[in-house]
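Structural characterization, general
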Amino acid sequence: MRHFSDVYAHLRRQNRSQYALLAGCCFFSVLLITAYVCMMRAPTVLNVLPEGGDSRKQVMMIFVLAVIGCAVFTTYASGLFLRQKSRETGIFLALGASKAQVRRELFRDLSAISVGSCAAGAILGSPMAWLLWQIFRLCVVDTEEMRLTFDLSSYGLSLLFSLFVIVMMFLLGSRSVKRTNIIDIVQESHKSEPIHAVPRWYGPVGIGLLALGCVLGYMVPTFFVLVLHWYSPGWVDAIFYIPALAGLYMILLHTVVNGWNSRKKLYKDLIATSQMRFQGRQTVRNMLVMTLLIAGAYFGSFYVPMMGTGSMIGYDARPVDYAYRFRADQDIPQEQEVCALAEDYSVTITDFAAAPMVRLAVDGDNHIEEDGPMGVTWRKEYEEVMSSELFLSASGYEALTGQRVDLALGEIRGIIDTEGSKLGFASDAHILTNYITKDALPVTPLEPLRYDSLFGRYVMNDADFAALSAGLPDAWRETQICFNVENCAETYEFANALFNEIVDRSAIEVAQYNGWDPVIRDRRIAEEGAYFLDRENCEENGFTAIDYDQRDSSAFRLGWQYMPTFRILDKLDFVKTMAVFLILFIFIAIVCFAAVIVIAFTRCMTIALTNRKVYDDLRHLGASDAYLRRSVRGQVKRVFLTPILTGTALIYAFYVLMLTFNGGTPEITPSELAGLLSSTLVVAAVSALLYGVYRLTLKKVWEEIR
């Protein structure tokens, strides 16, 4: 070997494992981020997730956690690689090589590793996302809506992350060569990053700060909106989570340095604890990233059991098997045609009820948003004609439900669900107005009624109903139909046929998005010149226009204002209706759990490689294999167990907090409680998987140091 490059190339071949580890970490991180971005920005997903909706915010929140986790992971891997290379660098400098020569060879390596691994990860990210999606389609559900397409602009985020990885590696490499003390460079690979004395009160105080940060982070933005009438920017909301991050860091520090055993048991794990301390900073950083990713993964994986369990309980709780409504100017099947169709499918209708409804304007507070120096604020402005609601007469309500309601003149009662949810429905109107004739009636709202199949309607006195409905055209009149059948679970074909008949006979005038309101529409057109929920304006405002040809899509079934509620149809088509939501969050959970597994495995193998000589010395001093194995298990267990327990407890408690305060009164409904229990089963299944990975990692680490 006559040239410096030849010697460097020989050492590169001798240390292939170090190069492979760094390349693998960079490739895996870019692969996950690219796959996540491609899925998150896919038109297939964006068409279902409404702009500004909670689901899209949750997806973005978990994406931020994944980016932070992968960024820290790749930075750590790069630092570890350069620490291992430092001895070679120091020796070359001591033998007379110039820093320019060392830098040139190092940058050549870093260029090949960073550009090659990032390019491979970016190229293979979308095929991986597509392959997983196709597996879901094959194993779960396959509909026309599930046809996955990608947006090329999504690669911009992947490119930015790849650029971060490349620049970060070159900055760290440049810094490693710039140091002038050759002895320090030579000894760099043997240096540890210890954490010194950590008070034992870090543990309980950390738990307190973690709880405080979660409560503040969730509750303070709500306080800003409800009390200060201010929509705080995201960075302001994030500030209140800082105590949670500080508390989490303190918990991990306490775990690494002190452990949670009593002082009497400290000496039993002295070797494992001491070794964890010597590499404490690296270990804590990795455990922090793992905890955040575990929390994000469970946040995504809880979506399926929470949504599925709550929906199934809601379907079973409905008081009627079939319910639908239609405008009076539409030719929709009524009793005679429904009975004839039921006879064709050998379905027996046990009772059938229909009742007229009218759409009346109601008063309320208009929330007016304004841009100011502090951002977006809002104020209330009372409107006598604010929006519109559907009203039943007392006799009509009795015909539909069999429940008698006595209402005096001027009294009304809203209808909420049996669990008492008032989300999206105030039920406290005080002035009713016939929007056509402008006749107004002051009313007194009484305690709401509870009937799932009529959620969001009002009931009023028969005489008031007749007086205010006079002069209303058919477009402002509707009919509500409810009926039951024998053996509902065996009537899917009939339900599907009736659903298709209703859709086929609905005119384009009623192909409106859920929430479309004629009163609000007139006001918006008068003030702004357009209404954002009109069909021609839906897409530009982040909503999918209702299309009768896409009647099996999530956008149609969740968004159409006149979507029927047929118990058997909703139950059996639940997965098909919610397919995009379910598969998206399952995919997110898989990405985050995969990142956790790779980070934990890599960290444990690094511990094994770093401590191999220590364990060899202990073996020569007489330590038994049983003692050494217990020491190894103590280190690997902390790397796995602490982040998993902390992340799981954190997200479970945060979910309980959200469910408790997401309604008008602080409570958890029975369906939400059932969802939490189902989520516990998910935790048990994932924990079993992670335990298997832990056992495999422990085996590999033990084989490495034997």
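Everything quoted here is computed from the prediction, not taken from an experiment.

Observations concerning the overall build of the chain
Counting its secondary structure elements, the chain contains 25 helices and eleven strands. For the chain, with 706 residues in total, the buried portion stands at 51%. Sequence-distant contacts, at least 24 apart, represent 81% of the contacts inside the chain between residues at least 6 apart. Accessible surface computed for the chain: about 32,400 Å², of which carbon and sulfur atoms make up 60%.

Topic: the side chain of Asp-363
With respect to the element layout, Asp-363 can be found in strand β3 (residues 349-372). Arg-523 provides the closest opposite charge to the buried, salt-bridge-free Asp-363, at an N-O distance of 11 Å. At 2.7 Å, the side chain of Asp-363 and the side chain of Tyr-382 are in polar contact. Of the polar contacts made by the side chain of Asp-363, one reaches the backbone nitrogen of His-430; its length is 2.9 Å. Asp-363 has contacts with Tyr-382, Glu-383, Glu-384, Met-386, Ala-429, His-430 and Ile-431, leaving out every residue within four places of it along the chain.

Side note on the packing of helix α14 (residues 335-344) against helix α17 (residues 492-504)
Two elements in contact, α14 and α17, have axes separated by 10 Å at closest approach and are oriented at 140°. If you check the angle between α14 and α17, you find them oblique. For the element pair α14 and α17, the recorded crossing hand is right-handed. In contact with Val-338, Leu-341 and Ala-342 of α14, α17 contributes Phe-494, Ala-497 and Leu-498. When grouped by side-chain class, the residues that make up the contact of α14 with α17 number six nonpolar, no polar and no charged.

As for the pattern of salt bridges
Applying the stated criterion across every chain, the model contains 18 salt bridges. With a shortest N-O distance of 4.0 Å, Glu-528 and Arg-524 are connected by a salt bridge. Placement of both Glu-528 and Arg-524 in helix α18 (residues 518-528) is noted, with a separation of four residues, approximately one turn of the helix. Glu-528 sits in the exposed class, given a relative accessible area of 53%.

Brief notes about the packing of aromatic side chains
Taken as a whole and assessed by the stated rule, the structure comprises 32 aromatic pairs. Geometrically, the ring pair formed by Phe-161 and Phe-164 is tilted, given 6.1 Å between the ring centres and 40° between the ring planes. Residue Phe-161 and its partner Phe-164 are located together in helix α6 (residues 155-178), separated by three residues, close to a single helical turn. For Phe-164, a relative accessible area of 35% translates into the label partly exposed. With a centroid separation of 6.2 Å and an interplanar angle of 70°, the aromatic rings of Tyr-548 and Phe-556 are classed as edge-to-face. The same class applies to Tyr-548 as to Phe-556, namely buried. Ring pairs connect the aromatic residues Tyr-322, Tyr-324, Phe-326, Phe-352, Phe-483, Phe-494 and Phe-566, which therefore count as one cluster. Over the ring of Tyr-435 we find Lys-438, and its NZ or CZ is 4.1 Å from the ring centre.

Observations regarding α17
With 13 residues, α17 should reach 18 Å at 1.5 Å per residue; the first-to-last C-alpha distance of 18 Å fits that figure. Buried within α17 we find Tyr-492, Phe-494, Ala-495, Ala-497, Leu-498, Phe-499, Ile-502 and Val-503.

What about helix α5 (residues 99-139)?
Given a rise of 1.5 Å per residue, 41 residues ought to cover 60 Å, and the 57 Å separating the end C-alpha atoms of α5 matches this to within 8%. At Leu-124, α5 shows its largest bend, some 30°, and a proline, Pro-127, comes one to four positions later.

Remarks on the state of the cysteines
Disulfide: a covalent bond formed between the sulfur atoms of two cysteine residues. Under the defined criterion, the tally for this structure stands at zero disulfides. Note on Cys-70: no disulfide assigned, nearest cysteine sulfur contributed by Cys-592 at a separation of 8.3 Å.

What about the environment of Ser-126?
Note that Ser-126 resides in helix α5. Separated by 93 residues in sequence, Ser-126 and Ile-33 have C-alpha atoms that sit 10.0 Å apart. With near-sequence residues (within four places) excluded, Ser-126 lies in contact with Thr-34, Cys-38, Phe-150 and Tyr-155.

Brief notes about a positive patch on the surface
Together, Arg-629, Arg-630, Arg-633, Lys-637, Arg-695 and Arg-706 give the surface a local cluster of positive charge. When residues of the positive patch are assigned to their parent elements, the largest contribution, four residues, is made by helix α24 (residues 625-660). Among the structural elements, Arg-695 can be located in helix α25 (residues 670-705).

Focus: the pairing of strand β10 (residues 477-485)
With eight of its nine residues buried, β10 lies for the most part within the structure. In this sheet, β10 lies alongside strand β2 (residues 322-327) in antiparallel orientation, the contact comprising six bridges. Across the sheet, Phe-326 pairs through a bridge with Thr-479, a residue of β10. Of the strand pairs in this sheet, β3 and β10 are connected by nine bridges, and their pairing is antiparallel. The partner of Phe-352 across the bridge, within β10, is Phe-483.

Points about the side chain of Ser-387
Following the sequence through the fold, Ser-387 ends up in strand β4 (residues 375-393). On the accessibility criterion, Ser-387 (13% relative accessible area) is buried. Apart from the residues lying within four places of it in its own chain, the contact partners of Ser-387 are Leu-360, Ala-361, Val-362, Asp-517, Val-519 and Ile-520.

Some thoughts on unusual backbone geometry
Located in the positive-phi region is His-229, a residue other than glycine, with phi close to 55°. Counting through the fold element by element, His-229 comes out in the loop between α8 (202-226) and β1 (230-231). The phi dihedral of Lys-438 is positive, around 70°, even though this residue is not glycine. With respect to the helices, strands and loops of the structure, Lys-438 is situated in the loop between β6 (431-433) and β7 (440-442).

Here we look at a nonpolar patch on the surface
On the surface, a nonpolar cluster with roughly 460 Å² of combined accessible area is contributed by Leu-157, Leu-160, Leu-163, Val-167 and Leu-171. Within the secondary structure, Leu-160 sits in helix α6. Overall, Leu-160 belongs to the exposed group, its relative accessible area being 55%.

Brief notes about the environment of Glu-509
Of note, Glu-509 is situated in the loop between α17 and α18. Taking C-alpha positions, Glu-509 is 9.5 Å from Ala-475, a pair spaced 34 residues apart along the chain.

Comments concerning the confidence of the model for the chain
Taken as a whole, the chain shows an average pLDDT of 82; of its residues, 86% reach a score of 70 or greater. The low-confidence segment residues 185-190 (pLDDT under 50) makes 18 contacts with residues lying over four places distant or belonging to another chain.

What counts and how
- Residues numbered from 1 in each chain as written.
- Predicted model: local features only at pLDDT ≥ 70, side-chain atom pairs only at ≥ 80, totals over all residues.
- Heavy atoms only, no water.
- Helix = DSSP H or I, 4+ residues; strand = E, 2+ residues; numbered from the N terminus.
- Buried < 20%, exposed > 50% of the residue type's maximum accessible area, 1.4 Å probe, protein only.
- Contact = heavy atoms within 4.5 Å.
- Areas by Shrake-Rupley, 256 points an atom, 1.4 Å probe, with all protein chains shown as cover.
- Lys, Arg positive; Asp, Glu negative; His and termini not counted.
- Salt bridge = Lys/Arg side-chain N within 4 Å of Asp/Glu carboxyl O.
- Polar contact = N/O pair within 3.5 Å; in protein donor to acceptor, adjacent residues only side chain to side chain.
- Axes fitted to C-alpha atoms, helices over the stretch in contact; angles between N-to-C directions.
- Parallel < 35°, antiparallel > 145°, perpendicular 65-115°, else oblique.
- Left-handed = near helix turned anticlockwise from the far one by under 90°.
- Nonpolar A, V, L, I, M, F, W, Y, C, P; charged D, E, K, R; others polar.
- Phe/Tyr/Trp six-rings, centres within 6.5 Å; stacked < 30°, edge-to-face > 60°.
- Lys NZ or Arg CZ within 6 Å of the ring centre and 35° of its normal.
- Expected span 1.5 Å × (residues − 1).
- Bend = angle between axes of the 7 residues up to and from the residue.
- Disulfide = S-S within 2.5 Å.
- Patch = residues over 30% accessible without salt bridge, like charges linked within 9 Å, V, L, I, M, F, W, Y side chains within 5 Å.
- Charge placed at Lys NZ, Arg CZ, Asp CG, Glu CD.
- Pairing = 2+ DSSP bridges.
- pLDDT = per-residue confidence, 0-100.

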